[in-house]
Amino acid sequence: MRKTRQQRQIELETKTNEIIQQLLDWTEQTERPNLTQIEDEILALREQLSQAMLESVVSAQEATQPAQGERCPTCGQPLRFKGRRQAQVASRVGAADLERGYYHCPACGQGIFPPGSATGAE
Ligand SMILES: [Zn+2]
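Note that the coordinates shown come from a computational prediction; the quantities given were computed from them, not determined experimentally.

The next subject is the overall build of the protein chain. Across its full length, the protein chain holds 2 helices and 3 strands. When the elements of the protein chain are put in sequence order from the N terminus, they spell out α-α-β-β-β. Counting across all 122 residues of the protein chain, residues that qualify as buried make up 26%. Across the protein chain, the fraction of contacts at a sequence separation of at least 24, relative to all contacts at a separation of at least 6, is 49%. Of the roughly 8600 Å² of accessible surface on the protein chain, 49% is carried by carbon and sulfur atoms.

What follows is the structure, given as structure tokens:
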């Protein structure tokens, strides 16, 4: 199910607004925070924004690049599409739960997420 640019924009704007509200709430509720507390709050909020951006970009890659003719990295046989599954992806901007195409190798039984996609390294 492919999202439009406008849908992605609204999702990211909604998340950004939530993060701004969290920051303003925290500012009002936290009396005289020290620099470490301010840093911790900003880093936590930044991680939320990073995850939202990561999910948006990776899901767009998956939607525009359905794996075709992909081959098993272990034995080289063609892979079969087995539907979409949740996968947790670790990245330099944090972990994110993503729904991605899942493939199975009928020759050696290996199950993998598509090679060559934005996060196909795992
Ligand atoms: Zn295989």
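From this point, the discussion proceeds with the structure in view.
Bringing the sheet that holds strand S3 (residues 111-112) into the picture now. On the basis of which strands lie adjacent, the open sheet formed by 3 strands has the order S1-S2-S3 and antiparallel pairing. Looking along the sheet, the strands with just one partner apiece sit at the ends: strand S1 (80-91) and S3. Of the pairings in the sheet, the one linking S1 to strand S2 (residues 94-104) comprises 10 bridges and is antiparallel in character. Across the sheet, Gln86 pairs through a bridge with Glu99, a residue of S2.

Protein coordination at the zinc ion comes from Cys72 (SG), Cys75 (SG), Cys105 (SG) and Cys108 (SG), with a distance range of 2.3 to 2.4 Å. Coordination at the zinc ion is tetrahedral: its 4 donor atoms span angles of 101 to 123° at the metal. Accessibility expressed as a relative area gives 39% for Cys108, which makes it partly exposed.

Residues at a pLDDT of 70 or more form 86% of the protein chain, whose mean pLDDT is 84. Of all the helices and strands in the protein chain, S2 carries the lowest mean pLDDT, 80, while helix H1 (residues 5-29) carries the highest, 97. In this model residues 115-122 is a low-confidence stretch, pLDDT under 50, and it forms 15 contacts with partners more than four residues away in sequence or in other chains.

Scoring rules and cut-offs
Residues numbered from 1 in each chain as written. Predicted model: local features only at pLDDT ≥ 70, side-chain atom pairs only at ≥ 80, totals over all residues. Heavy atoms only, no water. Helix = DSSP H or I, 4+ residues; strand = E, 2+ residues; numbered from the N terminus. Buried < 20%, exposed > 50% of the residue type's maximum accessible area, 1.4 Å probe, protein only. Contact = heavy atoms within 4.5 Å. Areas by Shrake-Rupley, 256 points an atom, 1.4 Å probe, with all protein chains shown as cover. Pairing = 2+ DSSP bridges. Donors = N, O, S within 2.8 Å, 3.2 Å for Na, K, Ca; no water. Tetrahedral: all angles 85-135°; square planar, octahedral: opposite > 155°, others 65-115°. pLDDT = per-residue confidence, 0-100.

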